[in-house]
Amino acid sequence: MTKDMRTAKILGGLLISAIVFGILNTVPALEYPDYLAKLSTIRTQVLVAVFFQAAMATVYVCIAVLFYQILKKHGDGLAIAYFGFRIIGAAFLYVGIGSLLLLLWLSGSFVAAGQPDSSYYQTLGELLRKGRDLMNHVGMILPWITGGLILCYCLFKNRLVPRWLSAWGIAASALTVLATVMLMLDFIEMATPTYFIMNTPTALFELSLAVYLFVKGYNTAVPEQK
């Protein structure tokens with residue numbers, strides 16, 4: 001197996017891992033009206049979500065580094081911009097870990113205090129929950145998917161993967177950017193059919209890219225630019 005093929009297989013595995021970790025780092029209890037009382041009773045589940053969010057952030061950094069090395073080899077001037085946007089996105093995932101741990105601590109304090117009616121806990125809880133949502137679904141997504149647009153353009157230009165696949169990635173990423181901006185401006189809400197439908201093409205593209213890289217690798221026959 002060549003070095004390039006080994007890199008492609010690693011990238012494919014990382015992309016699939018990122019999707020799996022993204023599913024496993026969710027905490028459905030945060031959508032319940034009584035989430036402050038609920039979180040402390042599912043402490044292990046919350047800590048597992050924290051672990052997988054940290055794992056996902058680490059995988060994202062690895063993906064950014066490997067793709068950067070591939071783009072740089074082809075002399076693509078956009079490689080640094082791609083890398084920068086993706087690292088910013090991964091950083092927001094790390095920050096989101098803190099907000100989830102703070103929510104867990106607040107839940108424990110809320111229960112220990114006898115679940116008082118005071119608005120102090122509810123206000124602080126909503127700030128932390130909303131902050132986590134914004135970090136994970138706006139702060140992380142916007143730079144990460146902007147990096148994805150740059151990546152797909154570079155893949156298309158350098159013919160590193162079939163052009164239909166990279167064109168799909170460009171269109172899907174643009175749709176995700178639109179969904180994220182609409183979410184940020186309160187035109188749509190999270191966990192709604194519209195939001196999921198607008199993000200589904202990106203998820204399917206990343207899965208397809210992962211499978212393609214794992215099975216066939218990327219095109220190394222393209223002449224390197226000087």
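What this report covers is the structure whose coordinates are included nearby. Keep in mind it's a predicted model, so treat the numbers as computed, not measured. (Residues numbered from 1 in each chain as written. Predicted model: local features only at pLDDT ≥ 70, side-chain atom pairs only at ≥ 80, totals over all residues. Heavy atoms only, no water.)

### Some words on the pattern of salt bridges
Selection rule: The term salt bridge refers to a pairing of a side-chain nitrogen on Lys or Arg with a carboxyl oxygen on Asp or Glu at a separation within 4 Å. Note on conventions: DSSP H or I runs of at least 4 residues are helices, E runs of at least 2 residues are strands, and numbering of each starts at the N terminus. Remark: exposure states derive from per-residue accessible area (1.4 Å probe, protein chains only) relative to the maximum for the residue type, with buried under 20%, exposed over 50%, and partly exposed in between.
Enumeration according to the criterion identifies two salt bridges in this entry. Close ionic contact of Lys73 with Asp4 constitutes a salt bridge, the shortest N to O distance being 3.0 Å. Within this pair, whereas Lys73 is found in helix α3 (residues 43-73), its partner Asp4 is found in helix α1 (residues 3-24), the two being separated by 69 residues in sequence. By relative accessible area, Lys73 is classed as partly exposed at 37%.

### Overview of the side chain of Thr180
Note the threshold: Residue contacts are counted whenever heavy atoms from the two residues lie within 4.5 Å of one another.
Position of Thr180 among the secondary structure elements: in helix α7 (residues 163-184). Relative accessible area serves as the criterion here: at 0%, Thr180 is assigned to the buried category. If we ignore the near neighbours within four places in the chain, the residues touching Thr180 are His137, Val138, Ile141 and Leu142.

### What to know about the packing of α7 against helix α8 (residues 193-216)
Cut-off, in case you're wondering: The convention used is that axes are lines fitted to C-alpha atoms, helices contributing only their stretch in contact, and that angles between N-to-C directions extend from 0 to 180 degrees. Handedness of a helix crossing follows the sense of rotation of the near helix relative to the far helix, less than a right angle counterclockwise being left-handed and clockwise being right-handed. Any residue outside Ala, Val, Leu, Ile, Met, Phe, Trp, Tyr, Cys, Pro, Asp, Glu, Lys and Arg is labelled polar, Gly included; the first ten of those are nonpolar and the last four are charged.
Relative orientation of the contacting elements α7 and α8 amounts to 145 degrees, with a least axis distance of 8 Å. Where α7 crosses over α8, the handedness of that crossing is left-handed. Residues Leu165, Trp168, Gly169, Ala172, Ser173, Leu175, Thr176, Leu178, Ala179, Met182 and Leu183 of α7 lie in contact with α8, whose contacting residues are Tyr195, Met198, Asn199, Pro201, Thr202, Leu204, Phe205, Ser208, Leu209 and Tyr212. Its residues assigned to classes, the contact of α7 with α8 comprises 15 nonpolar, six polar and no charged.

### Brief notes about helix α6 (residues 141-158)
Condition: A helix is expected to span 1.5 Å for every residue after the first.
Helix length check: α6 (18 residues) gives 25 Å between terminal C-alpha atoms against 26 Å at 1.5 Å per residue, within 8%. Among the residues of α6, those classed as buried are Ile141, Pro143, Trp144, Ile145, Gly147, Gly148, Ile150, Leu151, Cys152, Cys154, Leu155 and Asn158. Looking at the buried positions of α6, the neighbouring elements they touch are α3, α4 (79-112), α5 (119-139), α7 and α8. Once α6 ends, the next one or two residues include Arg159, with phi positive near 55 degrees.

### Side note on unusual backbone geometry
Generally, phi is negative for residues other than glycine and the peptide bonds are trans, each holding for most cases. The backbone phi angle of Gln115 is positive, close to 50 degrees, even though this residue is not glycine. Among the secondary structure elements, Gln115 is positioned in the loop between α4 and α5. Take Gln115: its relative accessible area is 42%, and that puts it in the partly exposed class. Look at Arg159: it is not a glycine, yet its phi comes out positive at around 55 degrees. Among the structural elements, Arg159 can be located in the loop between α6 and α7.

### Description of the environment of Glu31
Within the fold, Glu31 resides in the loop between α1 and α2 (35-39). Glu31 gets classed as exposed once you look at its relative accessible area, which sits at 54%. Here the alpha-carbon distance between Glu31 and Leu213, two residues 182 residues apart in the chain, equals 36 Å.

### Observations regarding α7
To keep things clear, this is the line we draw: Note that the arc is computed from the directions linking the helix axis to the C-beta atoms.
Helix length check: α7 (22 residues) gives 31 Å between terminal C-alpha atoms against 32 Å at 1.5 Å per residue, within 8%. Within the sequence span of α7, burial applies to Leu165, Ser166, Gly169, Ala172, Ser173, Thr176, Ala179, Thr180 and Leu183. Taken down its axis, α7 places every buried residue within 135 degrees of arc, on the same side. Summarising the contacts, the buried residues of α7 are in contact with α5, α6 and α8. Of the residues trailing α7, Asp186 is marked for its positive phi of about 65 degrees.

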